[in-house]
Amino acid sequence: MDAIMHLLFKSKLLLTIYLPLLLSLLSCNSDAEPAAKRIEGNAGSILLAESFAAFNEPWAMTFLPSGDLLITEKKGTLLVVDLGDSSKVVAKTVVKGVPKVAYGGQGGLGDVILHPQYKENHRIYLSYAEKDSSGNNGAVVARAQFIPTSAKPQLQNLEIIWRQIPKVSGSGHYSHRLAFSPNGKLFITSGERQKQAPAQSWTQNLGKVIRLNADGSVPFDNPFQDKGELAKTFWSLGHRNLLGIAFDKKGQLWTHEMGPRHGDEFNLTLGGDNYGWPIVSWGDQYSGIPIPDHDSRPEFNPPEVYWVPTVAPSGLIIYSGVMFPKWESNAFIGGLKSKSLLRIKIEGEQAEEVERFTMEKRIREVEQGPKGAIWVLEDENGGRLLRLSAFE
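Residues numbered from 1 in each chain as written. Predicted model: local features only at pLDDT ≥ 70, side-chain atom pairs only at ≥ 80, totals over all residues. Heavy atoms only, no water.

Mind showing me how you'd approach the pattern of salt bridges here?
Where charged atoms from two side chains of opposite charge approach closely, those side chains can pair. On inspection of all chains with the given rule, the structure shows 18 salt bridges. Between D379 and R364 there is a salt bridge whose closest N-O contact spans 3.0 Å. Here D379 is found in the loop between β24 (374-378) and β25 (381-390), whereas its partner R364 is found in strand β23 (residues 363-368), with 15 residues between them in sequence. Within this structure, R362, R364, D379 and E380 form a network of salt bridges that share partners. (Salt bridge = Lys/Arg side-chain N within 4 Å of Asp/Glu carboxyl O. Helix = DSSP H or I, 4+ residues; strand = E, 2+ residues; numbered from the N terminus.)

Could you clarify how one ought to interpret the sheet that holds strand β18 (residues 305-307) in this entry?
The pairing of strands in a sheet happens through backbone hydrogen bonds and is either parallel or antiparallel. Reading across the sheet, the 4 strands line up as β15-β16-β17-β18 and stay open at both edges, with antiparallel pairing between neighbours. Two strands close off the open sheet at either side, each with one partner strand: β15 (241-247) and β18. Looking at each pair of strands side by side, their axes are set apart by 15 degrees on average, direction ignored. Both strand β16 (residues 253-258) and strand β17 (residues 264-268) contribute to a ladder of 4 bridges, which runs antiparallel. Bridging from a neighbouring strand, H256 pairs with F266 of β17. (Pairing = 2+ DSSP bridges. Axes fitted to C-alpha atoms, helices over the stretch in contact; angles between N-to-C directions.)

Would you mind showing me how to read the sheet that holds β23 here?
The 5 strands lie next to each other as β1-β2-β25-β24-β23, forming an open sheet whose pairing is antiparallel. Unpaired on one side and paired on the other, β1 (37-40) and β23 mark the two borders of the sheet. Between one strand axis and the next, the sheet turns through 30 degrees on average, direction left out of account. Two strands pair when backbone bridges link them, and strand β2 (residues 46-56) and β25 are joined in this way by 9 bridges, in the antiparallel orientation. Residue pairing in the sheet places F55 in a bridge with G383 of β25.

Just to check I follow, could you spell out the packing of aromatic side chains for this structure?
Each aromatic ring pair is summarised here by two numbers: the centre-to-centre distance and the angle between the ring planes. Applying the stated criterion across every chain, the model contains 14 aromatic pairs. Ring geometry for W327 and F332: centres 5.4 Å apart, planes at 50 degrees, overall tilted. The pair W327 / F332 is uniform in exposure class, with both members buried. Ring-pair connections join several aromatic residues into one group, and the members of that group are Y319, F324, W327, F332 and F357. Directly above the ring of F391 sits R38, whose terminal nitrogen or CZ lies 4.7 Å from the centroid. (Phe/Tyr/Trp six-rings, centres within 6.5 Å; stacked < 30°, edge-to-face > 60°. Buried < 20%, exposed > 50% of the residue type's maximum accessible area, 1.4 Å probe, protein only. Lys NZ or Arg CZ within 6 Å of the ring centre and 35° of its normal.)

Which parts of the structure should I look at to understand the pairing of strand β7 (residues 109-114)?
Regular strands place their side chains on alternate faces of the sheet. Of all 6 residues in β7, 6 are buried; the element is thus mostly enclosed. Judged from the 4 bridges that link them, β7 and strand β8 (residues 123-131) form a sheet pairing that is antiparallel. Across the sheet, V112 pairs through a bridge with L126, a residue of β8.

This is the structure we're talking about:
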């Protein structure tokens, strides 16, 4: 009996000593994701990256006044994401009333933004791809009232206010990024759907930046008033695949677009200007056939920044937060092919890349948070929501 009691006592003593150590080792398992990660830019800046949640092909996000996020997933899901007070998502709730989308290739549910007077009218705007009866596809923009009840959020009174014309075959280059100007006009990026020539056409709205009133009507002061009724909706033309759009504090519009084989562009996007695609580009056709450079055709507006090799830009903000005061008015662009976050310094009408952060994953979307942190969405299945804050 004494021997048994001694063995039990010894076993209990060993557990007391070694169990905390064992639990500590388990918590440091190499498969477990660290709570935060330091990311150093090539100019020496350091960001602290925290992962909040993963999503199924996330595409866009916008913050609600409550601090919650609306996040779109390409297959057609709109989510309300409750971030809580820690680095973990408290809840992800599906929003009802989202229309069916044409999912495939680059198509599906796209951008989501709030009306400038959202607090009064609870109106949001969505872009997505739709299919017609003949199987052709095109982007549309719809507006709806968002009813943010915690248990069953939903969209009501949804109406389509804009469509790409014409619908065409294929599932690429929809673009369909959205932004409101400081004076309340709705801007839409409309890709050329990999058809090239429509970007220079006055009878197709592909390859254009579109400017509308918030209800979808056409402003009387749009730049092209003598090129036909459809062209009255155009702000600029000669674009390829625009996946970023934002206004700076001066009210200037900036967009970026993917080049063909290299030659991605960051443009100060002026009303009435032609940006040259597919006649000029700093890239070449995928087949290897060269395209004349911008400097060979001075009538076309050249980019303020271009990239060879490609970075494949997606998502764009012009920073205005308090967390990074030295980066006031800098642009931040996500990189898909480059798996990076790019910082662009803007001075007046000039811009240059000044820093690049290696993110190790394709970055689909960039947004500024209420407290000045920079939030990004990784691309594809399992794409994470990351908060990038100042490293102290």
